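# Topology and contacts: notes
Residue-level listing of the chains:
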Amino acid sequence: MPVEIDIDHVAKLARLQLTVEEQASLRTQLSLILEHAAKVGEVAAQDVPPTAYAIPRSNVLRPDVPEPSIPHEAAMQNAPEADQGRFKVVRIVETGS
Amino acid sequence: MTELCDLTGAELAAKLRAGEITAVELAESSLRRLDAVDERLNAFLTRTPQVALERAAELDAYLSTGAPQSAVAGIPLALKDVLTTNGIRTTAGSKMLETYVPPYDCTAWTRLSGAGSVLIGKTNCDEFAMGSSNENSAYGPVHNPWDLNAVPGGSSGGSAAAVAAGEVVWSLGTDTGGSVRQPAALCGVVGLKPTYGLISRYGLIAFASSLDTVGTFTRSTRDAATLLSVLAGQDHRDATSLDTPVRDYTEGIDAGVAGMRVGVVGFGEGVQPDVAASVRAAVERLAALGADVGEVTLLHTDYGLSAYYLIAPSEASSNLARYDGVRFGYRAEGGTDVEDMMSRTRGAGFGPEVKRRIMLGTYSLSAGYYDAYYGQAQKVRTLIIRDYETAFAGYDVLVSPTSPTTAFKIGERSGDPMAMYLSDVFTIPANLAGVPAISIPSGFDSAGLPIGLQFTAPVLGESTLFRAAHALETDLGLDLRPPLLAGV
Amino acid sequence: MAEWETVIGLECHVELSTQTKMFCGCRVGFGAQPNTDVCPVCLGHPGSLPVPNAEAIRRIVTIGLALDCTIAPHSLFHRKNYFYPDMPKNFQISQFDLPICLGGHLDVELPGGVTKRVGITRVHMEEDTGKTTHGSASGRIHDADSALIDYNRAGTPLVECVSEPDIRSPEEAGAYIRELRATLEALDVSDVRMEEGSLRCDANVSLRPAGTEPLGTKVEIKNMNSIRSLERALTYEMARQQKALENGEAIVQETRHWDEDAGATKSMRSKEEAFDYRYFPEPDIPPLDPDPAWVEDLRAALPELPRARRERYVRMFDLKPVVADVLVGDRVSSALFEETLALEADPRLAANWITQDLAGLRNKAGAEGPNLVTARHIADLVALVAADTISGQGAKQALEDAFVTGDAIAGIVERRGLTQVSDAGALGAIVDRVLSENSEVAEQFRGGKQEVIGFLVGQVMKGSGGSANPKLAQELLRERLNG
Ligand SMILES: [Mg+2]
Ligand SMILES: [Zn+2]
């Protein structure tokens, strides 16, 4: 069964500006891929636990001991724009959470 | 003519130790080959000749004191451009990181560098390691040294081609769904994907964190074991790295396959007849060498492909969120507010395959779809792990083709993502289960293109893998010099 | 008109005062200059990986135990995905359906000796964001044309503590935060300063007709920087919702921002559809499966919590509940009091000095001001006053002196001549002078206006530079006036 996808909504969630052509081809391609991917629903039953980690491990922690940070210049070196030792961006309209 | 750079790491280490050659001569040999062929291959995105020659000279000075040396000291190496290198541009094959210079080294390179490895450059790859043909690089496709009109496979196509063509003696790639093994098969070299967590992922630019592994390209199984001995081991910067003891993986590599239980994974149509025949012939050789051969079925392999194309894009959609034009990398012009700036940056900075997977992953994780897609895919992952547990109860190692086909023509599959995704059907299950696998050349198709055979072992069963691969490789004794080199 | 009941739940974020950040070795709250406490991990650089801080995990388990939570035998980090420029990876490593601590409570002391139990839904571990400065003349977000980001704070360990909607008034909300703050102070896990952002609280508020069960539509309020502004914001929001409901308007489920200057909550222009967080298990961090024996060790090592301490103070030392409350609510006072007890000072007197005069001095000096007063000072002061060696007035001066100089009380008393003049001869001359200078007042006393004696004693004290024994001064005055 073909999958209907609200491309516009997903693109917004993913912060991807898409051209009209991209939207059209993605609508078709994603639908096809998801149709194939939906096969996962055919096999795995209720009693199968999910696996998030290939190799089970637990409690991998780091002691609370400072390590050197990187020099300020190195932190800023790749900044597309900087001012007063900070990363500069155009105004923020939407609020975070 | 065979040059130094055409020898294996083991041969070169012996010559260096014996004082027959210098590290500088070796680096120069490698750099000459790079100059001679890379215009045709496009395997390298960044070359580091100066760094290489300086390092080689230092090593020669050190070696002349008779000090003990590592088996990787002085051997020319290339790194896939998704592995970070301090002060050396690292692009991940993306326009997004065209000017990105990392402030730190990945752990894999830290270890090799500490052992005296000589870096020749950073290799081309599919953008953010997403692809099976290397056609998704923002810097143009890599050409297969066996047929310049064919793809080298992907995503680590540059690293595979570079080793096949002798530009370097060995290289590192990354394997998330087959990205080391499949290009190794298509380029006629040895490709190792170790157990998940055996090599630190710190500094591996993440594609799908629960599947990503660093892997190696070499011209022999022994060289793969040598590299792994330096690379393996726990890293306190990677919480998923395994606390296994450091060891020499070349030990016992010559023990042969007598009595080894080898399970041949059933494969049906969709496998190119030449490839199927080559794998069957190889299995007969193994039996002749004393292996106990039987047939095995991995029940959920087909579902594994579906699960992979949900899990990998989901994790990728999150891992790639950081490319937003704020702290590093590309920023698009003209954003009216920060959200607009980010959307433009990501729309223009990512290529089509990356956008496709980000969209796929974002959708799979979004409200209302998680359970049907991501959640269900995780359950399939459990079933794949169980398949392997069942199989390894009866067999020490499994055999299958690495890729259903040999190298295909550039452009042949690029319009059909689903067909491209099917290239990974034999390699994906090992990533889902975290088990180690290796691809070695097993022969050639009718067009003279190399064929790859894959061995798979249980978690941390690398030694078994090397033993089986080394026995077959020695028995087959293939000549793996691509025609490209005839004129060099 | 229907009576309305207010239903409030609080979500508090607590920055832990660990040495290093949650997932990297950068120092917490160290660098004064922007973007100096940063590394590839907390800047979200490609290829970097998070490794959780063991001390942060120990602290959150301690917090969970103090709040009577169940410590989950299996818990996971999840990624919370949303784009915001001060969040380096554009996802926050947080917890989702498997938090470390679940289902506890906090008993809160209300005025009038009433204790209220507020349920704790969950306590989970996450990481803080960087700090954004909006670039405009006013510093306000809405007329800014650019923003500057400093990631020093990014990755600071953050504990989120979510209460049940058990709180019924702004006063109860204030009391809850005070109790939570005192508890966290006693655990020594955070600076818990609301003004500085190491304790941040958001409130979910709704109204329902009194006596009914179903919850009304809730509104989330953010940006309260003190307990006072929290109480003000809640009071405002209650009135706003009541007015809307009584006008027959529906309450919009939304996030509102508390504007301290305007004294009002304001709707935030948030696009609700943007908040689909796409949680999934953080693949870079293996699960947490705390060893039950370790958890029990932490439980056994819990310090005395504020509630128990308050009860002990009232029961054992007969302190007034309000004094006990002030002592317990402040870690410095509480610690000083405990040390003073060890020096066998009178507990009630010591408590008064600590919660009144010393607290006043500390307030005036501010958090950064000097405070050289030790338990020894308090114990000596209490003893000297009890022995009538110095007057209350003199003791105040001695305390002020010690606050700045740290000198021993005996030395200060000597240096400043604060010993009470208890010599009737020496004091008599001063008394005579005061009476002759205030003959009118003396007449009033003799005319029956007994209360003016206080004024005259004050004059004698003044005349003696504060060193007179006030009891003796009064005796001498009465002798002369009645004689
Ligand atoms: Mg939170
Ligand atoms: Zn850091």
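Notes on the structure in this doc start here. (Residues numbered from 1 in each chain as written. Chains lettered and ligands numbered in written order. Predicted model: local features only at pLDDT ≥ 70, side-chain atom pairs only at ≥ 80, totals over all residues. Heavy atoms only, no water.)

What follows is about the sheet that holds strand E8 (residues 146-150) of chain C. Spatially, E1(A)-E2(A)-E8(C)-E7(C) is the arrangement adopted by the 4 strands of the open sheet, whose pairing is antiparallel. Looking at strand neighbours, the two that pair on one side only are strand E1 (82-83) of chain A together with strand E7 (131-135) of chain C, the edges of this open sheet. Where E1(A) and strand E2 (residues 86-90) of chain A come together, 2 bridges link them in antiparallel fashion. If you follow Asp83(A) over to E2(A), its bridge partner there is Arg86(A). (Pairing = 2+ DSSP bridges. Helix = DSSP H or I, 4+ residues; strand = E, 2+ residues; numbered from the N terminus.)

Attention shifts here to the packing of aromatic side chains. Under the counting rule described, the total for this entry stands at 26 aromatic pairs over all chains. Seen in terms of ring centroids, Tyr370(B) and Tyr374(B) are 5.3 Å apart; in terms of plane orientation they differ by 45°. Their pairing is tilted. Aromatic rings pair up to connect Tyr100(B), Phe128(B), Tyr323(B), Phe328(B) and Phe350(B) into one cluster. The aromatic ring of Phe408(B) is capped on one face by Arg413(B), whose charged end is 3.9 Å from the ring centroid. Here Lys80(C) stacks its cationic end above the ring of Tyr277(C), 4.5 Å away from the centre of that ring. (Phe/Tyr/Trp six-rings, centres within 6.5 Å; stacked < 30°, edge-to-face > 60°. Lys NZ or Arg CZ within 6 Å of the ring centre and 35° of its normal.)

Residue and element names in this part refer to chain C. The protein atoms that coordinate the magnesium ion (ligand 1) are His 13 (NE2), Glu 126 (OE), Glu 126 (OE) and Glu 160 (OE), at distances of 2.0 to 2.7 Å. Sequence positions of the residues that donate to the magnesium ion (ligand 1) give the spacing H-x112-E-x33-E. On the criterion of sequence distance, the pair formed by His 13 in strand E1 (residues 4-15) and Glu 160 in strand E9 (residues 157-163) is long-range, its members being 147 residues apart. Classification of His 13 by relative accessible area gives buried; the value is 14%. For Glu 160, a relative accessible area of 9% puts it in the buried group. (Donors = N, O, S within 2.8 Å, 3.2 Å for Na, K, Ca; no water. Buried < 20%, exposed > 50% of the residue type's maximum accessible area, 1.4 Å probe, protein only.)

Here we come to the coordination of the zinc ion (ligand 2). Residue and element names in this part refer to chain C. Of the protein atoms, only Cys 24 (SG), Cys 26 (SG), Cys 39 (SG) and Cys 42 (SG) coordinate the zinc ion (ligand 2), at distances of 2.3 to 2.4 Å. In this structure, the zinc ion (ligand 2) is coordinated by 4 donor atoms arranged in tetrahedral fashion, with angles at the metal of 100 to 116°. Going along the chain, you hit the donors of the zinc ion (ligand 2) in the pattern C-x1-C-x12-C-x2-C. Note on Cys 39: relative accessible area 9%, which makes it buried. (Tetrahedral: all angles 85-135°; square planar, octahedral: opposite > 155°, others 65-115°.)

Turning to the interface of chain A and chain C, a few remarks are in order. Counting from both sides, the interface comprises 38 residues of chain A and, opposite them, 63 residues of chain C. For the pair chain A and chain C, the summed buried surface comes to about 4300 Å²; carbon and sulfur atoms form 59% of the total. Summed over the shared surface of chain A and chain C, the number is 0 salt bridges. The tally of links from chain A across to chain C stands at 22 residue pairs in polar contact (both at pLDDT 80 or more). Breaking the side of chain A that touches chain C down by element, the ones donating at least two residues are helix H1 (7-13), helix H4 (72-76) and E2 of chain A. With 5 residues, the single largest contributor to the side of chain A that touches chain C is E2(A). Residues of the side of chain A that touches chain C, tallied by class, amount to 16 nonpolar, 11 polar and 11 charged. As paired elements, E2(A) and E8(C) share 4 bridges and run antiparallel to each other. By the bridge assignment for E8(C), Phe87(A) is matched with Ile149(C). (Contact = heavy atoms within 4.5 Å. Buried area = accessible area lost by both parts, 1.4 Å probe. Salt bridge = Lys/Arg side-chain N within 4 Å of Asp/Glu carboxyl O. Polar contact = N/O pair within 3.5 Å; in protein donor to acceptor, adjacent residues only side chain to side chain. Nonpolar A, V, L, I, M, F, W, Y, C, P; charged D, E, K, R; others polar.)

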